[in-house]
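Secondary and tertiary structure notes
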Amino acid sequence: MGEVIEGFYERVGDGRYRASEFTRGPWDARAQHAGPPAALLGREIEERTGAREDMRLARVTYEILRPVPIGPLRVVTEVVRAGRGTELVAAELVPEGADGPVMTARALRVRVAGEPGPAVAEGPRVAPPGEVGETPFFGVPWDVGYHTAMESRFTEGAWTRLGPGTCWMRMRVPLVAGDEPRPLDRVLVAADSGNGISNTLDFERWVFVNPDLTVHLHRYPVGEWVCVSARTSVDPAGIGLADSSLHDEKGPIGRGAQSLFVTPRG
């Protein structure tokens, strides 16, 4: 039996990580849920690009090119454009021995104002996580994975109920073993769950996978909980969209969007 990693990943070198079983998604025992690698790319964008401290991530778009395998991974980052008020950063996630990335990210960072700006109403809040109990995941055929590494509490809907859903999520383990979870970790590890939270199709009959994810943040979160309030729309042509509003216990923090490839299970 191998060494147990107490997190989604273990840092094994400069920009190199080893994925744990906690990253495992619900559909393939060999592949990760996209939430943990999205958070890992987001952390590397913050850490490794020499980014200025007065810049903060405002938007990140991921392209999920192939399933992300559970195993050794390397993250490569690059500042594409640096300006006075904004900068564009790119990152790639490359499995050990692969000839190219399985997931890419392009992030827009925006300079934080030196003086507080005018207050603007943020929109409606959702019921806090303390008012509801934990919601079990739908049946997953393995004992350890993303479904055991995350705590979920629905205030609307459920993993097993079709239609829109609102779910509070909290990490049970850190993103990187031995490191305290960061605000951006908490958002990005949860944001890719929007299509599962708001699924409108029978899991047994349909596949509805997202080849991308875009997250916009107007405010960084506080606290351990992140709420994903999601709604899915599907066209008869087999193209869908999962649209999510993102919250912490203080109120809205941004939005997430996932394009969906929809097809019958064969």
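Let me begin by describing the structure that accompanies this report. Just so it is clear, the structure is predicted and the values come from calculations on it, not from any experiment.

Here the focus is the overall build of the protein chain. Within the protein chain, the regular secondary structure consists of four helices and 13 strands. Relative to its length of 266 residues, the protein chain is compact, with a C-alpha radius of gyration of 18 Å against a globular reference of 18 Å. With 266 residues in all, the protein chain has 51% of them scored as buried. Sequence separation of 24 or more characterises 68% of the internal contacts of the protein chain that already satisfy a separation of 6 or more.

Bringing the pattern of salt bridges into the picture now. By the definition in use, this model includes 15 salt bridges. Here Glu21 and Arg24 are joined by a salt bridge, their closest N and O atoms 3.8 Å apart. Given a relative accessible area of 13%, Arg24 falls into the buried group. One salt-bridge network, in which partners are shared between bridges, spans Arg11, Arg43, Glu47, Asp179, Arg182 and Asp185.

Time to look at the nonpolar core. In terms of nonpolar packing, the biggest core is built from 62 residues, with Phe8, Tyr62, Met103, Met169, Val215 and Leu217 touching the most fellow members. Excluding its chain neighbours within four sequence positions, the residues that come into contact with Leu217 are Leu57, Ala58, Leu184, Val187, Leu246, Ile253 and Gly254.

Attention now goes to the pairing of strand 13 (residues 251-264). Bridge analysis of strand 9 (residues 206-209) against strand 13 gives four bridges, and the strand direction is antiparallel. Note that in strand 13 the partner of Val209 across the bridge is Phe261. Taken together, the ten bridges between strand 12 (residues 239-248) and strand 13 define a ladder with antiparallel strand orientation. If you follow Ile239 over to strand 13, its bridge partner there is Phe261. Adjacent in sequence and paired antiparallel, strand 12 and strand 13 are bridged by two residues.

What counts, and where the lines are drawn
Residues numbered from 1 in each chain as written. Predicted model: local features only at pLDDT ≥ 70, side-chain atom pairs only at ≥ 80, totals over all residues. Heavy atoms only, no water. Helix = DSSP H or I, 4+ residues; strand = E, 2+ residues; numbered from the N terminus. Rg over C-alpha atoms; globule rule 2.2 N^0.38 Å. Buried < 20%, exposed > 50% of the residue type's maximum accessible area, 1.4 Å probe, protein only. Contact = heavy atoms within 4.5 Å. Salt bridge = Lys/Arg side-chain N within 4 Å of Asp/Glu carboxyl O. Core = buried A, V, L, I, M, F, W, Y, C linked by side-chain atoms within 4.5 Å. Pairing = 2+ DSSP bridges.

Treat this as a map of the structure, not an account of what it does.
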